[in-house]
Amino acid sequence: YVTGYDYRTALVLSVFLGMFGADRFYLGYYAIGLLKFCTFGFFLLGQLVDIILIATQTVGPADGSDYFIGYYGPILNRVHMENHTFFQYGTYYFKSDSSFRDEM
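These remarks concern the structure in this document. What you are looking at is a predicted structure, and each value in this text was computed from that prediction instead of being measured.

Looking now at a nonpolar patch on the surface. On the surface, Val12, Val15, Phe16, Leu17, Phe20, Phe25, Tyr30, Leu34, Phe37, Phe40 and Leu44 cluster together into a nonpolar patch covering about 1,100 Å² of accessible area. The set of elements that each furnish at least two residues to the nonpolar patch consists of α1 (7-17) and α3 (30-38). Summarising the element assignment, Leu34 is placed in helix α3. Given the relative accessible area of 47%, Leu34 is considered partly exposed.

Below you can see the structure in the form of structure tokens.
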């Protein structure tokens, strides 16, 4: 579900005001935003990390919703992998478990 947090707004806030924690305040992470404000964005290292995390959509709104992204905007699909996930290489299927690879 989407609650109205815009992806572009979060990214612009992270780039220009991320050192003051404005991006985290906007997304609803008030404690991290206050910590970034008091430490000048973790001495600018936290701002760089947050730019990458927001740009790759790893960090989303705190309420668990997705970003509001326009029709032509960028979107990433999350892929979850477990120990029983199969990978396809050519025409063969390999299991990600190491014991399965030893049998082949």
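This paragraph deals with the packing of α1 against helix α5 (residues 45-55). Two elements in contact, α1 and α5, have axes separated by 9 Å at closest approach and are oriented at 165°. As far as their axial angle goes, α5 and α1 are roughly antiparallel. Viewed along their axes, α1 and α5 form a crossing whose handedness is left-handed. Across from Tyr7, Ala10, Leu11, Ser14 and Val15 in α1, the residues of α5 making contact are Gln47, Asp50, Ile51, Ile54 and Ala55.

Listed in full, the buried residues belonging to α5 are Gly46, Gln47, Asp50 and Ile54. Projected down its long axis, α5 shows its buried positions confined to an angular sector of 95°, all on one face. The first or second residue beyond α5 is Gln57, which carries a positive phi of 60°.

Taken as a whole and judged by the stated rule, the model has four aromatic pairs. Their ring planes at 85° and their centres at 5.5 Å tell us that Tyr5 and Tyr26 sit as a pair that is edge-to-face. Note that Tyr5 is positioned in strand β1 (residues 2-6) and Tyr26 in helix α2 (residues 22-27), a separation of 21 residues in sequence. Taking the relative accessible area as the measure of exposure, Tyr5 reaches 21% and is therefore partly exposed. A ring pair is formed by Phe25 and Tyr30, whose centres lie 6.2 Å apart and whose planes are at 40°; its orientation type is tilted. We classify Tyr30 as exposed; its relative accessible area is 54%.

Attention shifts here to the nonpolar core. In this structure, Tyr7, Ala10, Leu27, Ile54, Val59 and Tyr67 together form the largest nonpolar core, which totals six residues. Here Ile54 is in contact with Tyr7, Ala10, Leu11, Ser14, Asp23, Leu27, Val59 and Tyr67, once residues within four sequence places are set aside.

Before going further, it helps to examine the pattern of salt bridges. A full pass over the atoms with the stated rule returns four salt bridges. As a salt-bridge pair, Asp50 and Lys36 come within 2.6 Å of each other at their nearest N and O atoms. Of this pair, Asp50 sits in helix α5 while Lys36 sits in helix α3; the two residues are 14 residues apart in sequence, bridging distant segments of the chain. Here the salt bridges share partners, and the residues they tie into one network are Asp23, Arg24, Lys36 and Asp50.

Within the secondary structure, Phe40 is located in helix α4 (residues 40-43). Spatially, the C-alpha atom of Phe40 lies 8.2 Å from that of Gly21, the residues being 19 residues apart in sequence. Contact partners of Phe40, with chain neighbours within four places excluded, come to Met19 and Phe20.

Calculation notes
Sequence order sets the numbering: in each chain, residues are counted from 1 along the sequence as written. Totals for whole chains, interfaces and linings use all residues, but because this is a predicted model, local features are given only for residues with pLDDT of at least 70 and pairs of side-chain atoms are given and counted only at 80 or more. Just so you know, side-chain values use all the structure's heavy atoms and leave hydrogens and water out. Nonpolar side chains (Val, Leu, Ile, Met, Phe, Trp, Tyr) within 5 Å and like charges within 9 Å form the patches, drawn only from residues with over 30% relative accessible area and no salt bridge. Here the accessible surface of atoms and residues is derived via Shrake-Rupley with a 1.4 Å probe, and residues count as covered only by protein chains that are part of the display. Any carboxyl oxygen of Asp or Glu within 4 Å of a side-chain nitrogen of Lys or Arg constitutes a salt bridge here. Working definition: helices are DSSP H or I runs of at least four residues, strands are E runs of at least two. Numbering for both runs from the N terminus. Categorising residues by exposure relies on relative accessible area from a 1.4 Å probe, with only protein chains included: less than 20% of the type maximum marks a residue as buried, more than 50% marks it as exposed, and the intermediate range marks it as partly exposed. Axis geometry follows a simple rule: fit a line to the C-alpha atoms, using only the stretch in contact for helices, then measure angles between N-to-C directions, giving values from 0 to 180 degrees. Roughly parallel here means an angle under 35 degrees, roughly antiparallel means over 145, roughly perpendicular means 65 to 115, and every remaining angle is called oblique. Here is the rule for handedness: rotate from the far helix to the near one, and if that takes an anticlockwise turn smaller than a right angle the crossing is left-handed, while a clockwise turn gives right-handed. Contacts were defined at the residue level, with two residues in contact if any of their heavy atoms lie within 4.5 Å. In this description, one arc is meant: the one made by directions from the helix axis to the C-beta atoms. Two rings from Phe, Tyr or Trp (for Trp, the six-membered ring) form a pair when their centres are within 6.5 Å of each other. A pair whose planes differ by under 30 degrees is stacked, one over 60 is edge-to-face, and the rest are tilted. Among buried residues, those of type Ala, Val, Leu, Ile, Met, Phe, Trp, Tyr and Cys that are joined through side-chain atoms within 4.5 Å constitute a nonpolar core.

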